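Structure assessment
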Amino acid sequence: MELPRVAQTLLSKVPDRVVKRAQNLLERLPVVGDRVREERRKLVEGLREQVRKHRPTDLAFSELPRAAIDRQTLLATLRTLSTSESPQWRDGRLSGGVYHGDASHVGFLDEVYSLYSQSNPLHADVWPSVVRFEADLVAMTAKLVGGDAKAVDDEAAVCGTLSSGGTESIMLAMKAQRDAGRERGIRHASIVAPTSAHPAFDKAGHTLDMELIRVPVAADGRADVAAMKAAVRSNTVVMVGSACSFPHGVVDDIASLSDFARSRGLGFHSDGCLGGFILAFAKEAGFQVPAFDFSLPGVTSMSIDLHKFGYAAKGTSVVLYRGRALRRHQYFTSPAWSGGLYATPGFAGSRPGALIASAWAAMMSMGHDGYVNATRQVLETGRSVKAAIGRIPELKIVGDPLWVIAFTSDTVDVFRVLDEMSKRGWSLNGLQSPPAVHVCLTLRHAQPGVVEAFERDLRDSVQAVRDVPPSKDGMAPVYGLASSMPFKGLVGDLLSSYLDALYDA
Ligand SMILES: Cc1ncc(COP(=O)(O)O)c(C=O)c1O
């Protein structure tokens with residue numbers, strides 16, 4: 001049963017604790033309770049089956065084997081497993097995920113990794129080269145996004161640290177913004193972000209006890225500037241914009257939003273996790289993009305991922321701040337511990353120095369010109385993919401994206417199109433509110449023949465959806481159910497069951 005959209009919107013605003021209580025009450029009613037439990041059991045079993053179907057069985061142990069398995073056997077199994085998994089990303093059928101992926105680039109990063117596999121920047125005296133690589137990475141990235149890490153004036157310096165990924169960079173920035181707010185006397189801080197901003201902001205709000213005020217986006221998928229301004233409260237410490245957003249790949253009006261934040265004395269975070277390394281080189285690659293970085297005086301923090309379009313291995317991102325004082329709010333120090341004097345820049349204690357060294361080597365081996373060239377390839381592929389989607393009458397592109405391209409439809413179920421694309425070997429992303437599908441283009445899609453194959457398979461998929469009645473398999477029923485369920489808390493419950501299933505041995 002589909003509830004009217006208005007009712008769905010209203011019900012989705014019901015707080016989770018109220019939903020939980022209603023759910024508990026429902027489950028206590030004799031007949032209704034049995035029905036609810038049975039339906040949930042069926043849904044959870046379906047999720048577990050999906051996970052089970054994909055789980056490889058080679059050398060599967062849920063208990064430590066008593067006798068050691070010889071290294072040759074282990075290596076052979078790992079080679080078989082990883083080789084069988086690589087064609088999808090290697091051949092350009094994965095949305096995002098692997099951003100460079102060229103065999104020689106990957107081989108080079110692996111070689112650097114092996115040189116530093118034992119290193120840990122927590123021991124700065126033992127691995128001073130790793131510490132220097134980290135400082136270089138932060139300074140090089142700051143320079144690319146309108147900052148100057150070497151500025152003498154503490155407030156003007158754009159500085160930062162490395163983190164393990166976009167989520168950690170965002171959480172660290174929100175912590176720093178929260179603690180800066182505390183200095184201004186704000187005890188329980190709020191963040192104002194568009195609905196398109198990454199769930200890492202929800203995670204930050206949840207973990208750091210900050211309220212996240214989500215503001216619906218405009219029809220083009222970008223933050224609604226007037227609504228964002230109106231959402232600011234007396235306890236707001238930071239506003240957020242994406243450059244670009246994950247769902248629709250559009251760049252929010254960072255200039256207007258950050259100007260407003262500045263006029264109110266608030267922080268402004270520009271999330272460049274996905275887009276920073278493309279937007280920074282776009283102009284030189286011949287593409288017009290809006291300002292999104294520290295060239296705008298109101299931007300006070302940024303997240304920008306090395307492990308996406310920085311072409312480094314997974315586990316590396318940069319978080320940047322305007323002013324050394326703001327970065328200080330990110331740090332943690334423990335001066336009185338019986339284990340000695342302890343200080344870490346971020347959430348982690350020990351960190352993999354090998355990832356830092358290989359990220360440094362990735363940037364140095366690409367060089368400025370290498371990034372411009374790669375950006376040109378990604379953005380030209382974006383142009384071709386937009387044209388290809390435009391030639392399929394049933395599909396509509398959302399907003400005006402560059403290389404993360406979302407499409408929706410008034411005439412076919414796009415989640416079924418997503419499933420049909422999966423049957424043809426593609427791994428794309430399903431989006432909701434409204435239902436849509438996106439592809440995040442990378443250098444893998446710039447290989448010859450990939451765009452042509454994408455267009456052919458997308459056309460065939462749309463045709464298949466028109467010709468064949470829906471089935472119960474695939475993701476379409478799951479997405480359909482999730483978007484029609486009024487209580488998002490229940491969907492969250494199912495997602496937790498999915499996580500449980502991943503850990504089932
Ligand atoms: C805009 C944006 N911000 C943040 C993130 C989170 O990055 P990560 O998955 O590295 O934690 C992503 C990931 O896709 C993203 O697209």
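In case you missed it, the structure is sitting above this.
By convention here, each chain's residues receive numbers from 1 onward along its written sequence. It should be noted that, the model being predicted, local features are given only for residues of pLDDT at least 70 and side-chain atom pairs only at 80 or more, the latter also being counted only at that level, while totals for whole chains, interfaces and linings use all residues. Just so you know, side-chain values use all the structure's heavy atoms and leave hydrogens and water out.

1. Remarks on the overall build of the protein chain
Of the regular secondary structure elements, the protein chain holds 17 helices and 13 strands. This radius of gyration counts C-alpha atoms alone. The globule rule is 2.2 Å times how many residues there are, raised to the power 0.38. Whereas a compact globule of 505 residues would reach a radius of gyration of roughly 23 Å, the protein chain reaches 24 Å, a difference of no more than 12%. Viewed in the frame of its principal axes, the protein chain has a C-alpha envelope of about 65 × 60 × 55 Å. Only protein chains enter the accessibility calculation, which uses a 1.4 Å probe; a residue is then buried when its area is under 20% of its type maximum, exposed when over 50%, and partly exposed in between. The burial tally for the protein chain puts 47% of its 505 residues in the buried class. Total accessible area computed for the protein chain in this model is approximately 25,400 Å², and 56% of it derives from carbon and sulfur atoms. In the protein chain, which carries 57 positive and 55 negative side-chain charges, the distance between the mean positions of the two groups comes to 3 Å. A helix here means a DSSP run of H or I that spans at least four residues, while a strand means a run of E at least two residues long, and both kinds are numbered starting from the N terminus. The Shrake-Rupley method, run with a 1.4 Å probe, gives the accessible areas here. Residue values count only the displayed protein chains as cover. Charge counting treats Lys and Arg as positive and Asp and Glu as negative, with His and both chain ends excluded. To locate a charge, take atom NZ for lysine, CZ for arginine, CG for aspartate or CD for glutamate.

2. Focus on the nonpolar core
Among buried residues, those of type Ala, Val, Leu, Ile, Met, Phe, Trp, Tyr and Cys that are joined through side-chain atoms within 4.5 Å constitute a nonpolar core. By size, the foremost hydrophobic cluster in this structure holds 70 residues, and its most contacted members are Met239, Phe277, Leu306, Phe309, Tyr311, Leu320 and Trp403. No other element matches helix 13 (residues 353-390), which puts 14 residues into this core. Other than its neighbours up to four places away in sequence, Phe309 contacts Tyr99, Leu274, Phe277, Ile278, Tyr371, Val378, Trp403, Cys440, Leu441 and Thr442. Formed by 25 residues, the second largest nonpolar core is a distinct cluster that contains Ile170, Ala180, Ala189 and Cys273. Every residue pair with non-hydrogen atoms within 4.5 Å of one another is taken to be in contact.

3. What to know about the sheet that holds strand 10 (residues 396-397)
A strand pair is defined by DSSP finding two or more bridges across the two strands. The 4 strands lie next to each other as 10-11-13-12, forming an open sheet whose pairing is antiparallel. In the strand order of this sheet, the two ends are held by strand 10 and strand 12 (429-431), each with one partner. The pairing of strand 11 (residues 404-408) with strand 13 (residues 436-440) spans 4 bridges and is antiparallel. Across the sheet, residue Phe407 finds its bridge partner in strand 13, namely Val437. Together, strand 10, strand 11 and strand 13 form the strand contacts of helix 13, whose direction differs from that of strand 11 by roughly 10°. Structural elements are reduced to axes, namely lines fitted to C-alpha atoms, with helices fitted over the stretch in contact, and the angle between N-to-C directions of any two is expressed from 0 to 180 degrees.

4. Quick notes on the state of the cysteines
Covalently bonding the sulfur atom of one cysteine to the sulfur atom of another cysteine gives a disulfide. Throughout, disulfides are identified as pairs of cysteine sulfur atoms within 2.5 Å of each other. Enumeration according to the criterion identifies 0 disulfides in this entry. Unpaired in terms of disulfides, Cys244 finds its nearest cysteine sulfur in Cys440, a separation of 7.3 Å. We classify Cys244 as buried; its relative accessible area is 3%. The thiol of Cys273 is not disulfide-bonded; the next cysteine sulfur, from Cys244, is found 10 Å away.

5. Focus on the site of the ligand
One heavy atom suffices: a residue is near a molecule or strand as soon as one of its heavy atoms comes within 4 Å of it. Around the ligand sit 13 residues, and of these Gly166, Thr167, Asp271, His307 and Lys308 come closest. Pairs of N or O atoms are called polar contacts if they sit within 3.5 Å, as long as, within protein, a hydrogen donor faces a hydrogen acceptor (for residues adjacent in sequence, only side-chain-to-side-chain pairs). Backbone polar atom of Gly166 to an oxygen atom of the ligand: 2.9 Å apart, as the coordinates give it. Residue Asp271 places a side-chain N or O atom 2.7 Å away from a nitrogen atom belonging to the ligand. Surface burial for the ligand is 84%, taken as the share of its 390 Å² of free accessible area covered by protein chains. With 3 residues, helix 7 (residues 166-183) is the largest single contributor of residues to the shell around the ligand. Put simply, Ala, Val, Leu, Ile, Met, Phe, Trp, Tyr, Cys and Pro go in the nonpolar bin, Asp, Glu, Lys and Arg in the charged bin, and everything else, Gly too, in the polar bin. Classifying every residue of the shell around the ligand gives 5 nonpolar, 5 polar and 3 charged.

6. A short note on unusual backbone geometry
In the segment running from Ala243 into Cys244, the intervening peptide bond is cis, with an omega of 5°. The topology assignment puts Cys244 in the loop between strand 4 (236-242) and helix 10 (254-263). Cis rather than trans, the peptide bond between Ser433 and Pro434 has omega equal to 5°. In this structure, Pro434 sits in the loop between strand 12 and strand 13. Its identity as a non-glycine residue notwithstanding, Asp209 has a phi of 55°, on the positive side. Following the sequence through the fold, Asp209 ends up in the loop between helix 8 (200-208) and strand 3 (211-215). The class for Asp209 is exposed, based on a relative accessible area of 54%.

7. Here we look at helix 5 (residues 103-115)
The first and last C-alpha atoms of helix 5 sit 19 Å apart over 13 residues, in line with the 18 Å expected at 1.5 Å per residue. Taken residue by residue, helix 5 has His105, Leu109 and Val112 as its buried positions. Projection of helix 5 onto a plane perpendicular to its axis shows the buried side chains occupying an angular sector of 60°, all on one side. Of the exposed residues in helix 5, those oriented more than 90 degrees away from the buried face are Ala103, Ser104 and Glu111. Residues of helix 5 that are buried make contact with helix 13. Given the number of residues in a helix, its expected span is that number minus one, multiplied by 1.5 Å. The arc in question is formed by the directions pointing from the helix axis toward the C-beta atoms.

8. Notes on the side chain of Ser119
Inspection of the secondary structure puts Ser119 in the loop between helix 5 and helix 6 (128-144). At 3.4 Å, the side chain of Ser119 forms a polar contact with the backbone nitrogen of Ala354. Apart from the residues lying within four places of it in its own chain, the contact partners of Ser119 are Trp127, Val130, Arg351, Pro352, Gly353 and Ala354.

9. What about the packing of helix 14 (residues 414-423) against helix 15 (residues 450-467)?
One can describe the packing of helix 14 onto helix 15 by two numbers: an axis separation of 9 Å at closest approach and a directional angle of 125°. Here helix 15 runs oblique to helix 14, going by the angle between their axes. Between helix 14 and helix 15 lies a crossing of right-handed hand. Along the contact surface, helix 14 presents Arg416, Val417, Glu420 and Met421, while helix 15 presents Phe454, Asp457, Leu458, Ser461, Val462, Ala464 and Val465. Of the residues that constitute the contact of helix 14 with helix 15, the class distribution is 7 nonpolar, 1 polar and 3 charged. If an angle is under 35 degrees, it is roughly parallel; if it is over 145, roughly antiparallel; if it lies from 65 to 115, roughly perpendicular; otherwise it is oblique. Left-handed describes a crossing whose near helix is turned anticlockwise from the far helix through less than a right angle; right-handed describes the clockwise counterpart.

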